[in-house]
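# Per-entry structural report
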Amino acid sequence: DTGVSQDPRHKITKRGQNVTFRCDPISEHNRLYWYRQTLGQGPEFLTYFQNEAQLEKSRLLSDRFSAERPKGSFSTLEIQRTEQGDSAMYLCASSLATEQETQYFGPGTRLLVL
Amino acid sequence: DAKTTQPPSMDCAEGRAANLPCNHSTISGNEYVYWYRQIHSQGPQYIIHGLKNNETNEMASLIITEDRKSSTLILPHATLRDTAVYYCIVRAYGQNFVFGPGTRLSVLP
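Scope of this entry: the structure provided in the associated data block.

The rules we used
Throughout this description, residue numbers start from 1 for each chain and increase along the sequence as written. Here the convention is simple: chains get letters from A, ligands get numbers from 1, in the order in which they are written. This being a predicted model, a pLDDT of at least 70 is required before a residue's local features are given, and a value of 80 or more before pairs of side-chain atoms are given or counted; all residues contribute to the totals for chains, interfaces and linings. With hydrogens and water set aside, each side-chain value is computed from the structure's full complement of heavy atoms. Pairing between strands is defined by DSSP: at least two bridges between the two strands are required. Where helices and strands are cited, they refer to DSSP runs of H or I of at least four residues and of E of at least two residues respectively, numbered from the N terminus. What counts as an axis is a line fitted to C-alpha atoms, over the stretch in contact for a helix, and the angles between N-to-C directions run from 0 to 180 degrees. Only buried residues count toward a nonpolar core, which is a set of Ala, Val, Leu, Ile, Met, Phe, Trp, Tyr and Cys residues joined through side-chain atoms within 4.5 Å. Residue exposure (1.4 Å probe, protein chains only): buried if accessible area is under 20% of the type maximum, exposed if over 50%, otherwise partly exposed. What makes two residues a contact is simply this: any of their non-hydrogen atoms within 4.5 Å.

## As for the sheet that holds strand E8 (residues 84-91) of chain B
All names here are of chain B. Spatial ordering of the open sheet is given by E1-E9-E8-E3-E4, a layout of five strands whose pairing is mixed. Each edge of the open sheet carries a strand with a single partner, namely strand E1 (9-13) and strand E4 (45-50). Taking the axes of each pair of neighbouring strands and ignoring which way they run, one obtains an average angle of 25 degrees across the sheet. Pairing of strand E3 (residues 32-38) with E4 involves five bridges; the strand directions are antiparallel. Across the sheet, the residue bridging to Trp35 is Ile48, located in E4.

Below, the structure written as structure tokens:
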């Protein structure tokens, strides 16, 4: 399967703990996006990378959130000192930077903070 | 905020065509219309996109009105597996994809 993969698929943690999620994009894609989705809502943009450079961050991305894409391939999203409000589906997407850019999404990581 | 308006829900009988409308009255000349769908507990799946002309692929057809202020996604022969939330997004190069709440399509046996 050469699609976008995410790991883990599910994560349960206690409030105050740190969590890290990984995303492996489609291999030739130079852009990688992170989104958050809560129940009944569409995905909300968090941040994106072009190669290894983080080009944009949403105001939704608080100081407790950090994302990296060190070699322009896989990416990690870390949440420090998790709060119950962080419970959501975290989605990763990748794309080629073209005028008709099409993003391809992974299956998501569902986070539950107790 | 999303630049599109979609009905919150629709039903369709299995085997019939599903026609999902989307209003984007403020669309700019360089903005494409994209459709994605999300089946329960999965990531969004790309369906189709277009600029001015109607488009068709193996999944669906996209009909864009001449003034580009609205569009319709057509699933020609809906199956139970097409039950999902369908998102219509308008986006120009350099802009982010902004998802609204979408249309929840239920295909009924």
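Moving on from the model shown.
## Thoughts on the nonpolar core
Ranked by internal contacts, the top residues of the largest apolar core, which has 21 residues, are Leu20, Trp35, Leu73, Leu75, Tyr86 and Leu105 of chain B. Of all the secondary structure elements, the ones that give two or more residues to this core are strand E2 (18-23), E3, E4, strand E6 (61-64), strand E7 (70-75), E8 and strand E9 (103-108) of chain B. For this core, the element with the highest residue contribution is E8 of chain B, accounting for four residues. Among all residues touching Tyr86 of chain B, those that are not within four sequence positions of it are Gln6, Leu20, Trp35, Tyr36, Arg37, Ile47, Leu73, Leu75, Gly102, Thr103 and Leu105 of chain B. With 19 residues, the next largest nonpolar core counts Ile26, Trp34, Ala67 and Ala88 of chain A among its residues.

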